[in-house]
Amino acid sequence: MDVAAASDPEGSEPGGTDAAVVGGGPAGLSAALQLARYGRRVLVFDTGHGRSTHHQTNRNYLGFPDGIATTQLRELGVRQLARYPHVRFARHHVIGVTGDARRGFTVRAQGHAWRARTVVLATGVLDHFPHFPDWQSYVGRSMFWCIACDGYENRGRRILVVGHTDAAAGEAMQLHSLTDRIVLLTNSRTNGISSRFTGRLAAAGVPVVHDRIKGAEGADGRLSAVVTRGGERLELDALFSIQGATPETAVARDLGIRLNRHGYVEVDTEQCTSVAGVYAAGDITAPHSHQVSAAVHEGAQAASAANYFLYPPELKAP
């Protein structure tokens with residue numbers, strides 16, 4: 001990655017930068033690209049974590065007939081941004097943002113501070129995957145979280161759905177349209193599946209195992225079985241984790257941005273948050289439709305809104 005890392009604590013240019021983009025996944029990179037093409041100075045904060053760093057191949061993003069690894073998509077995005085000298089990267093974890101649109105914003109990370117006129121939040125979510133030895137190596141290869149992303153490739157295969165809520169039961173029923181070889185494992189002390197969904201699972205012939213994962217069998221990122229604490233061995237080809245995700249909203253809460261009842265950042269159709277000059281894009285904005293295509297669109301929309309915000313009043317239509 002041949003993009004210069006920002007080191008000036010006052011920003012990449014005297015007086016700060018036009019936009020600080022917090023997050024280097026598809027949403028953040030898309031926002032940075034659009035802002036760069038508007039001629040704006042951009043500082044992207046990217047710690048190299050998140051969903052787009054897993055071993056996953058994205059097959060439903062238009063223009064890639066054979067799919068594209070999300071890690072490769074990130075690399076291509078960084079290479080694309082390297083063509084714009086007014087885009088810089090800071091490999092720092094942002095711990096807080098203060099300020100407002102009138103005075104400007106201060107972004108703080110690991111003992112440093114940067115000034116920015118606008119902020120785009122693209123911090124994503126933290127998935128709650130089942131944990132067992134070497135679980136990370138299976139994520140994106142045979143352990144998934146999204147039927148839209150990976151359901152089609154697993155049609156007709158043995159699928160273990162992991163989760164103890166109606167959301168997990170609903171996902172199992174949706175996957176049942178792709179394969180009839182499904183088992184649901186609660187992986188929890190409690191079974192929160194309602195009687196309504198319990199009946200639907202039973203009618204569809206989907207067994208429910210109320211137990212917790214002790215370990216797993218597999219190699220080279222491919223799961224072959226899960227072993228429960230009760231000693232049951234569940235053979236599988238793919239595991240779909242429906243244990244939820246937590247939106248990474250610490251920075252948003254620091255700014256006093258309004259969140260919805262699910263804990264995600266509220267935005268309007270232009271990705272504007274409740275705080276002027278601050279925008280949000282990607283998985284942080286909604287509990288559903290966590291797609292690369294949606295993230296790229298929202299990043300571009302947030303950038304366009306931020307760019308318009310930065311214009312002086314005489315350039316804005318009444």
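These numbers were taken from a predicted model, which means no experiment stands behind them. (Residues numbered from 1 in each chain as written. Predicted model: local features only at pLDDT ≥ 70, side-chain atom pairs only at ≥ 80, totals over all residues. Heavy atoms only, no water.)

The subject of this paragraph is the overall build of the protein. When helices and strands are counted, the protein shows seven helices and 19 strands. On C-alpha atoms alone, the protein measures out to a radius of gyration of 22 Å, which is about the 20 Å that the 2.2 N^0.38 rule sets for 318 residues. The dimensions of the protein, computed from C-alpha atoms along their principal axes, are 65 × 40 × 35 Å. For the protein, with 318 residues in total, the buried portion stands at 48%. In the protein, 60% of the contacts between residues at least 6 apart in sequence involve partners at least 24 apart. (Helix = DSSP H or I, 4+ residues; strand = E, 2+ residues; numbered from the N terminus. Rg over C-alpha atoms; globule rule 2.2 N^0.38 Å. Buried < 20%, exposed > 50% of the residue type's maximum accessible area, 1.4 Å probe, protein only. Contact = heavy atoms within 4.5 Å.)

As a further point, take the sheet that holds strand β13 (residues 208-209). Taken in spatial order, the five strands of this open sheet run β10-β17-β11-β12-β13, and their pairing is parallel. Strands at the two margins of the open sheet, each flanked by one partner only, are β10 (143-144) and β13. Note that β10 and strand β17 (residues 238-241) share two bridges and pair parallel. Opposite M143, over in β17, you have L239 as the bridge partner. Packing of helix α4 (residues 166-175) onto the sheet brings it into contact with β11 (159-162), β12 (182-185) and β17, and relative to β12 it is tilted by some 175°. (Pairing = 2+ DSSP bridges. Axes fitted to C-alpha atoms, helices over the stretch in contact; angles between N-to-C directions.)

Let us look at the nonpolar core. Ranked by internal contacts, the top residues of the largest apolar core, which has 25 residues, are L35, V42, V44, L81, V87, F89 and V120. Listed by contribution, the elements that provide at least two residues to this core are β1 (17-22), α1 (26-37), β2 (42-45), α2 (70-81), β5 (87-90) and α7 (292-310). F45, V94, V107 and V278 belong to the second-largest nonpolar core, a separate cluster that totals 23 residues. (Core = buried A, V, L, I, M, F, W, Y, C linked by side-chain atoms within 4.5 Å.)

On to the sheet that holds strand β16 (residues 233-235). Read across the open sheet, the three strands follow the order β14-β15-β16; overall the sheet is antiparallel. What marks the edges here is a single partner per strand, and that holds for β14 (213-219) and β16. Taken pair by pair, the neighbouring strands of this sheet meet at an average axis angle of 25°, ignoring direction. By the bridge criterion, six bridges tie β14 to strand β15 (residues 222-228) in an arrangement that is antiparallel. Residue pairing across strands places I213 opposite T228, the latter belonging to β15.

The subject of this paragraph is the UniProt feature "domain: FAD/NAD(P)-binding" (unreviewed entry) in the protein. Mapped onto the present numbering, the UniProt feature "domain: FAD/NAD(P)-binding" (unreviewed entry) falls at residues 18-299. This span, residues 18-299, is 22% helix and 28% strand, and a straight line between its end C-alpha atoms measures 16 Å. (UniProt positions renumbered as here; feature names shortened; annotations may be inferred.)

Moving on, we get to α4. Those residues of α4 lying buried are A168, A169, G170, E171, A172 and L175. Where α4 is buried, its residues touch α3 (147-150), β11, β12, α5 (195-204) and β17.

Time to look at the packing of α1 against α7. Where α1 contacts α7, the two axes come as close as 7 Å, and the packing angle between them is 35°. Here the hand of the crossing between α1 and α7 comes out right-handed. Counting all contacts with α1, which are made through P26, A27, S30, A31, Q34 and L35, the residues of α7 involved are V292, A295, V296, G299, A300, A303, A306 and N307. (Left-handed = near helix turned anticlockwise from the far one by under 90°.)

The subject of this paragraph is the pattern of salt bridges. According to the stated counting rule, one finds 12 salt bridges in the structure shown. Of the charged contacts, one joins D18 and R41 as a salt bridge, the two residues approaching to 3.1 Å between their closest N and O atoms. Taken together, the positions of D18 in strand β1 and R41 in the loop between α1 and β2 put the pair 23 residues apart, joining distant regions of the chain. As a salt-bridge pair, D237 and R158 come within 2.9 Å of each other at their nearest N and O atoms. Here the residue D237 occupies a position in the loop between β16 and β17, and R158 occupies one in the loop between α3 and β11, the gap between them amounting to 79 residues. (Salt bridge = Lys/Arg side-chain N within 4 Å of Asp/Glu carboxyl O.)

Another aspect to go through is the confidence of the model for the protein. The predicted coordinates ought not to be read in detail in places where the model reports low pLDDT. Looking at the protein, the pLDDT average stands at 94 and 95% of residues meet or exceed 70. Residue range residues 1-14 is modelled with pLDDT below 50. Its contacts to residues more than four positions away, or to other chains, number 32 contacts. (pLDDT = per-residue confidence, 0-100.)

The geometry of an aromatic ring pair is captured by the separation of the ring centres together with the interplanar angle, meaning the angle of the planes. Using the criterion set out here, one finds seven aromatic pairs in the structure. Here a set of aromatic residues connected by ring pairs shows up, and it is made of F129, W135 and W145. It is R40 that lies over the ring of Y311; its NZ or CZ is 5.1 Å from the centre. Lying over the aromatic face of Y152, R155 brings its terminal NZ or CZ to 3.8 Å of the ring centre. (Phe/Tyr/Trp six-rings, centres within 6.5 Å; stacked < 30°, edge-to-face > 60°. Lys NZ or Arg CZ within 6 Å of the ring centre and 35° of its normal.)

Here we come to the packing of α4 against α5. Where α4 meets α5, the closest approach of the two axes is 10 Å, and the angle between their N-to-C directions is 25°. In terms of their interaxial angle, α4 and α5 are classed as roughly parallel. Where α4 crosses over α5, the handedness of that crossing is left-handed. Here D166, A169, G170, A172 and M173 of α4 lie close against α5, whose contacting residues are F197, R200, L201 and A204. (Parallel < 35°, antiparallel > 145°, perpendicular 65-115°, else oblique.)

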